[in-house]
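Descriptive structure summary
If you want the building blocks of each chain, they are given just below.
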Amino acid sequence: MKPSVLTLALAAALSAAGAAQAQSSVQIYGLIDAGVDYTTNTNAAGDNATRVISGGKNTSRWGLRGNEDLGGGLKAVFGLEGGILMDTGAADGALFKRQAFVGLDGSFGRVVVGRSFSTTYDFVILFDPLGYAPNYSWATSSNATGSSKYGMTTAFDNLIKYSGKTGDFKYGASIGLGEQAGSSADSRKYAVAGSWTRGSFAAMAAYEQINANTLAGTGRRDQTTAFHAAVDYKTSLFRLTGGVRDYTLEAAKAATPDVRATTWWGGASYFVTPVVTLTGAVYYVNVKNVAARTDADPVMYVARGLYALSKRTDLYVAAAYAKADNGKLVGLSRDDAGFGTTQKGLTAGIQHRF
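Description of the structure in this document. (Residues numbered from 1 in each chain as written. Predicted model: local features only at pLDDT ≥ 70, side-chain atom pairs only at ≥ 80, totals over all residues. Heavy atoms only, no water.)

1. Side note on the overall build of the protein
Note the threshold: The helix and strand labels rest on DSSP assignments: H or I over at least four residues marks a helix, E over at least two residues marks a strand, and numbering proceeds from the N terminus. Accessibility here uses a 1.4 Å probe with only protein chains present; expressed as a share of the type maximum, an area under 20% marks a residue as buried, one over 50% as exposed, and anything in between as partly exposed. Any two residues having at least one pair of non-hydrogen atoms within 4.5 Å are treated as being in contact.
Helix and strand content of the protein: two helices and 17 strands. Principal-axis analysis of the C-alpha atoms gives the protein an extent of 95 × 55 × 45 Å. Counting all 354 residues of the protein, 40% fall into the buried class. For the protein, contacts bridging at least 24 residues in sequence account for 55% of all contacts bridging at least 6.

2. A closer look at the packing of aromatic side chains
Basically, it comes down to this: Each Phe, Tyr or Trp ring (for Trp, its six-membered ring) is paired with any other whose centre lies within 6.5 Å, and the angle between the two planes then decides the class: stacked below 30 degrees, edge-to-face above 60, tilted in between.
Under the defined criterion, the tally for this structure stands at seven aromatic pairs. Between the aromatic rings of Tyr121 and Tyr132, the centroid separation amounts to 5.1 Å while the plane-to-plane angle is 90 degrees, which identifies the pairing as edge-to-face. Remark: Tyr132 occurs in the loop between helix H2 (119–124) and strand S7 (155–166) and Tyr121 occurs in helix H2; sequence separation between them is 11 residues. On the basis of relative accessible area, Tyr132 is assigned to the buried category, the value being 11%.

3. Re the nonpolar core
Our working definition: Among buried residues, those of type Ala, Val, Leu, Ile, Met, Phe, Trp, Tyr and Cys that are joined through side-chain atoms within 4.5 Å constitute a nonpolar core.
The biggest cluster of nonpolar side chains holds 36 residues, and the ones touching the most others in it are Leu130, Tyr136, Trp138, Met204, Tyr283, Met300 and Val302. Counting residues per element, this core draws most heavily on strand S14 (residues 276–288), at four residues. Leu130 has contacts with Tyr136, Ser137, Thr279, Ala281, Tyr283, Val302 and Arg304, leaving out every residue within four places of it along the chain. In this structure, Val77, Phe101, Phe156 and Ile210 belong to the second largest nonpolar core, which totals seven residues.

4. Section: empty space enclosed by the protein
Rules: Put plainly, a pocket is an open set of points on a 1 Å grid over the protein atoms alone with protein on both sides within 12 Å along at least five of seven lines, a cavity is a set where a 1.4 Å probe fits but cannot get out, and a lining residue has an atom within 4 Å of a point. Grid points are joined across faces, edges and corners, and a volume is the space filled by probe spheres set on the points. Only Asp, Glu, Lys and Arg are considered charged, only Ala, Val, Leu, Ile, Met, Phe, Trp, Tyr, Cys and Pro nonpolar, and every remaining residue, Gly among them, polar.
The full count for this structure, using the stated rule, is one cavity of 30 Å³ or more. Taken as a whole, the largest cavity holds about 60 Å³ of empty space. What lines the largest cavity is simply Gly56, Lys57, Leu130, Ala133, Asn135, Tyr136, Val302, Arg304, Tyr316, Ala318 and Thr347. Breaking the lining of the largest cavity down by element, the ones donating at least two residues are strand S15 (299–308) and strand S16 (313–323). The residue makeup of the lining of the largest cavity, split by class, is six nonpolar, three polar and two charged.

5. Remarks on the layout of surface pockets
The gaps of empty space that remain are located by a probe, the size of a water molecule, rolled over the atoms. Looking at the second largest pocket, its volume works out to about 950 Å³. Taken together, 35 residues line the second largest pocket, and the ones lying closest to its centre are Thr59, Asp92, Tyr132, Arg334 and Asp335. Elements with a minimum of two residues in the lining of the second largest pocket: strand S2 (49–54), strand S6 (109–117) and strand S10 (201–211). A total of four residues in the lining of the second largest pocket trace back to one element, the largest contributor, which is S2. Tallied by class, residues from the lining of the second largest pocket come to 12 nonpolar, 12 polar and 11 charged.

6. Structural notes on unusual backbone geometry
One non-glycine residue with positive phi stands out, namely Asn41, at about 50 degrees. Among the structural elements, Asn41 can be located in the loop between strand S1 (24–39) and S2. Notably, Arg293 is not glycine yet its phi reads approximately 60 degrees, a positive angle. Along the chain, Arg293 falls in the loop between S14 and S15. Since its relative accessible area comes to 68%, Arg293 is described here as exposed.

7. Here's the deal with a nonpolar patch on the surface
To be explicit about the condition: Residues enter patches when they are more than 30% accessible in relative terms and free of salt bridges; like-charged ones are connected within 9 Å and nonpolar ones (Val, Leu, Ile, Met, Phe, Trp, Tyr) within 5 Å. Areas reported here follow the Shrake-Rupley algorithm with a probe of radius 1.4 Å; residue values treat only the protein chains shown as occluding. Criterion for a salt bridge: a side-chain nitrogen of Lys or Arg within 4 Å of a carboxyl oxygen of Asp or Glu.
A cluster of nonpolar residues, Phe201, Val231, Tyr233, Leu237, Phe238, Leu240, Tyr270, Val272 and Leu278, forms a patch on the protein surface that exposes about 780 Å² of accessible area. For the nonpolar patch, the elements supplying multiple residues, two or more each, are strand S11 (223–234), strand S12 (238–250) and strand S13 (259–273). Here Leu278 is to be found in strand S14.

8. Remarks on the pairing of S15
What counts here: Two strands make a pair as long as DSSP finds a minimum of two bridges between them.
Here S14 runs beside S15; their pairing, made up of nine bridges, is antiparallel. In the strand pairing of S15, Tyr284 is matched with Val299. Here S15 runs beside S16; their pairing, made up of 10 bridges, is antiparallel. By the bridge assignment, Tyr307 is partnered in S16 with Leu315. From the end of S15 to the start of S16, which pair antiparallel, there are four residues.

9. Observations regarding the environment of Ala320
The residue Ala320 is located in strand S16 in this model. With near-sequence residues (within four places) excluded, Ala320 lies in contact with Tyr136, Tyr301, Val302, Leu332, Gln343, Lys344 and Gly345.

10. A short note on the pattern of salt bridges
According to the stated counting rule, one finds 10 salt bridges in the structure shown. A salt bridge links Arg198 to Asp168; the shortest N-O distance between them is 2.6 Å. Separated by 30 residues along the polypeptide, Arg198 in strand S9 (residues 189–198) and Asp168 in the loop between S7 and strand S8 (169–176) bring together distant segments of the chain. By relative accessible area, Arg198 is classed as partly exposed at 49%. Ionic pairing is found between Asp186 and Arg221, a salt bridge with its closest N-O pair at 2.9 Å. Taken together, the positions of Asp186 in the loop between S8 and S9 and Arg221 in the loop between S10 and S11 put the pair 35 residues apart, joining distant regions of the chain.

The structure is reproduced here in structure tokens:
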């Protein structure tokens, strides 16, 4: 029996719909990380605390990402990503605080507009021995205690970002428009970075500058700069990583000293088995441009064990110890302040990607 015209029309419509669907995709993804943490010196009385925490190894998040094939190797891309606080179920800031962008991807590279991670962040995170752990890593920011965190800016609002690759080289640049009437430089942010990878070895350099608004009294603006350099060597048995950040805040206010510090870090990982990894790391901040015997110069020592239950689910346990000089306060976390000259912590948790 011959197929009817209606049957042929339906088949053609379904075929066209399938082809259209094959040319574009939307993915729901996320990372869920929760654990139990024990920390000393968590208040002014020097008390200890045991807490359920969100993000002992990585920040919990969820998002939507997708692309549409426009032909000729060109794609439209988008991303929406928000943070999750696993201990309470609340959103970590605005709905899509982490990322909200749209752009184009092709042989020239990728250009996106909106809010996204800075180019500096994109490159530095790959050279952190702990992989940007919210607990026990100072590669992107120092401890939260003290007058400055001596860090970098992880994401830009009002962003235009480019990323590309040529052979063994990766490179990128991003600008966050200040959007201030009368001065395009006020509140402007920009970052550039590049890396080179050959076999087991990789090297990276990154620079960012963050402007504040001009002060009427001095005609100057606060300006923060952060320069990074790092190297990494990885084999099937071990990984060695080292990096440095030189941070400067040029103060615009009269009779106010600049803020300066250099952060060093290094780490080693040993792949005991395909599913067991042991990592040790040290982070040190050399505080500068302060009066003699008033610099904190904090240092933190970290050890972590990781057990991969699958490609998407990991168990981990991490311990850390931080101390500061000259009676200054120090904290293990880049987000939570410490209330003593030393702080110890122990975290155990689980991470799952979907």
